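What follows is each chain in one-letter form.
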Amino acid sequence: MQINSVPAGFESGMNNLIWIMQSEEQSVATIVDPGYAEPIINYLKKHSLSVCDILITHHHYDHTDGIPTLLKEFPNSKVYGPKESPCKFITHPLQEGDKILSEGVHTHFEVIETPGHTLDHICYYSAEKQLCFVGDTVFGAGAGGLFEGDAQTFWSSTKKIMQLPSKTMLYYGHDYTLENLYFAKKVEKNNSHIYTHIELCKQNHLYNGCSTVETEHLVNPFWRCDQPEIKAACEDYAEQLLDKPVDVFATLRKWR
Ligand SMILES: [Zn+2]
């Protein structure tokens, strides 16, 4: 099984990453968050793949707009997504703790509900493959926008991903990693890991598109709300004392 990203919307600054899990022996693919159909269809044709499953993390158009076109080409695909989602293409609604098997790519997933970016947001965690598709809950050294939930909700969801095993690969929905690292440097300039990862990110895109739980604990300011240097920077910015990590999280979200 291979996992590749198809970049889309980079010209408009959306920087979406559509993830394709593929099985060579069966020539099938599972697509995560197909916001754009054309680049996926091109990829599938080039690699002679058909679609078995579509996994949706949340309802935003840049994660779902490609679904109707894919279903026209591959009408038997299952579309997994959050229960009670505004996205109307979901055929297999999911909630916290549900387990699914994406047969074509031989991978089991467990559903983790992560409201905050949107209220319907879910992540797909595979313990056996040590990976998680995190959509817009976690970005490289950053986090998605706070559109529908409040800061407490988003912070609680973030902590669920922070608690996954350290080697878990995280595949996110957008790549703003370098910009996020520059912001991370601004709020925690004595963290040497950030400088290392800026270099990794510049060379060969080693830290673009995906990361690990271990790395995010080292560099992601949204995961490091308990660090005194970040807390102090956020207190300066907010011009008030911030007692709890969630207050630091809320301030970072407003600031970045
Ligand atoms: Zn979104």
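Remember, predicted model here, so these are calculated numbers, not experimental data.

Novice: If you had to explain the coordination of the zinc ion to someone new, which residues and values would you point to?
Specialist: At the metal site, the zinc ion is ligated by His-58 (NE2), His-60 (ND1), His-117 (NE2) and Asp-136 (OD), and these contacts range over 2.1 to 2.5 Å. Coordination geometry of the zinc ion: the 4 donor atoms subtend angles of 84 to 168 degrees at the metal centre, consistent with an arrangement described as irregular. The motif formed by the donor residues of the zinc ion, counted along the single chain, is H-x1-H-x56-H-x18-D. Highlighted residues: His-117 in the loop between strand E8 (107-113) and strand E9 (122-126) and Asp-136 in the loop between strand E10 (131-135) and helix H4 (151-162), separated in sequence by 19 residues. On the accessibility criterion, His-117 (3% relative accessible area) is buried. A residue is classified by how much of its surface remains accessible, and Asp-136, at 2% relative accessible area, is buried.

Novice: Describe in detail the sheet that holds strand E7 (residues 99-102), supporting the description with residues and values.
Specialist: Strand order in the open sheet made by the 6 strands is E7-E8-E9-E10-E11-E12, with mixed pairing throughout. The open sheet terminates on both sides in strands that have one partner only, identified here as E7 and strand E12 (210-212). Each strand of the sheet is rotated relative to its neighbour by a mean of 30 degrees, with strand direction disregarded. Across 4 bridges, E10 lies against strand E11 (residues 169-172) in parallel orientation. Across the sheet, the residue bridging to Cys-132 is Leu-170, located in E11.

Novice: I'd like a rundown of helix H6 (residues 192-202), residues and numbers included.
Specialist: Buried residues of H6: Ile-194, His-197, Ile-198 and Cys-201, and no others. Buried residues of H6 fall within an arc of 110 degrees about the axis and therefore sit on the same side. Tucked into the core, H6 has its buried residues touching helix H5 (177-187) and helix H7 (213-219).

Novice: I'd like to hear about the side chain of Ser-77, residue by residue, with values.
Specialist: Tracing the backbone shows Ser-77 in the loop between helix H3 (67-73) and strand E5 (78-82). Beyond its immediate stretch of four places on either side in the chain, Ser-77 contacts Val-51, Cys-52, Ile-54 and Leu-71.

Novice: With reference to specific residues and values, describe the pattern of salt bridges.
Specialist: Scanning the entire structure with this criterion turns up 7 salt bridges. Of the charged contacts, one joins Lys-160 and Glu-96 as a salt bridge, the two residues approaching to 3.1 Å between their closest N and O atoms. Separated by 64 residues along the polypeptide, Lys-160 in helix H4 and Glu-96 in the loop between strand E6 (92-94) and E7 bring together distant segments of the chain. In this structure Lys-160 comes out as partly exposed when scored by relative accessible area, which is 30%. For Glu-96, a relative accessible area of 41% gives the class partly exposed. A salt bridge links Glu-235 to Lys-231; the nearest nitrogen and oxygen atoms lie 3.0 Å apart. Within this pair, Glu-235 and its partner Lys-231 are both found in helix H8 (residues 228-238), separated by 4 residues, close to a single helical turn. A residue is classified by how much of its surface remains accessible, and Glu-235, at 16% relative accessible area, is buried.

Novice: Give me the packing of H8 against helix H9 (residues 245-255): which residues, what numbers.
Specialist: The N-to-C vectors of H8 and H9 enclose an angle of 60 degrees; their axes lie 10 Å apart at closest approach. Classified by the interaxial angle, the pair formed by H8 and H9 is oblique. Taken as a pair, H8 and H9 cross one another with a handedness that is left-handed. For the pair H8 and H9, the contacting residues are Ile-230, Lys-231, Ala-233, Cys-234, Tyr-237 and Ala-238 in the first and Val-248, Thr-251, Leu-252, Lys-254 and Trp-255 in the second.

Novice: Could you give an account of H8, naming the residues involved and the relevant values?
Specialist: Looking at H8, one finds that the buried residues are Ile-230, Ala-233, Cys-234 and Glu-235. Next to the buried residues of H8 lie H5 and H9. The positive-phi residue at the C-terminal boundary of H8 is Glu-239, with phi of around 55 degrees.

Novice: Run through the sheet that holds strand E2 (residues 16-23), naming residues and quoting values.
Specialist: Strand order in this open sheet of 6 strands is E1-E2-E3-E4-E5-E6, and the pairing throughout is mixed. With partners counted over all chains shown, the strands left at the sheet margins are strand E1 (2-8) and E6, one partner each. Pairs of neighbouring strands in the sheet enclose a mean axial angle of 25 degrees, with direction left out of account. Running over the sheet, helix H1 (residues 38-46) touches E1, E2, strand E3 (28-32) and strand E4 (50-55) and is turned about 140 degrees from E1.

Cut-offs used in this document
- Residues numbered from 1 in each chain as written.
- Predicted model: local features only at pLDDT ≥ 70, side-chain atom pairs only at ≥ 80, totals over all residues.
- Heavy atoms only, no water.
- Donors = N, O, S within 2.8 Å, 3.2 Å for Na, K, Ca; no water.
- Tetrahedral: all angles 85-135°; square planar, octahedral: opposite > 155°, others 65-115°.
- Helix = DSSP H or I, 4+ residues; strand = E, 2+ residues; numbered from the N terminus.
- Buried < 20%, exposed > 50% of the residue type's maximum accessible area, 1.4 Å probe, protein only.
- Pairing = 2+ DSSP bridges.
- Axes fitted to C-alpha atoms, helices over the stretch in contact; angles between N-to-C directions.
- Arc of directions from axis to C-beta.
- Contact = heavy atoms within 4.5 Å.
- Salt bridge = Lys/Arg side-chain N within 4 Å of Asp/Glu carboxyl O.
- Parallel < 35°, antiparallel > 145°, perpendicular 65-115°, else oblique.
- Left-handed = near helix turned anticlockwise from the far one by under 90°.

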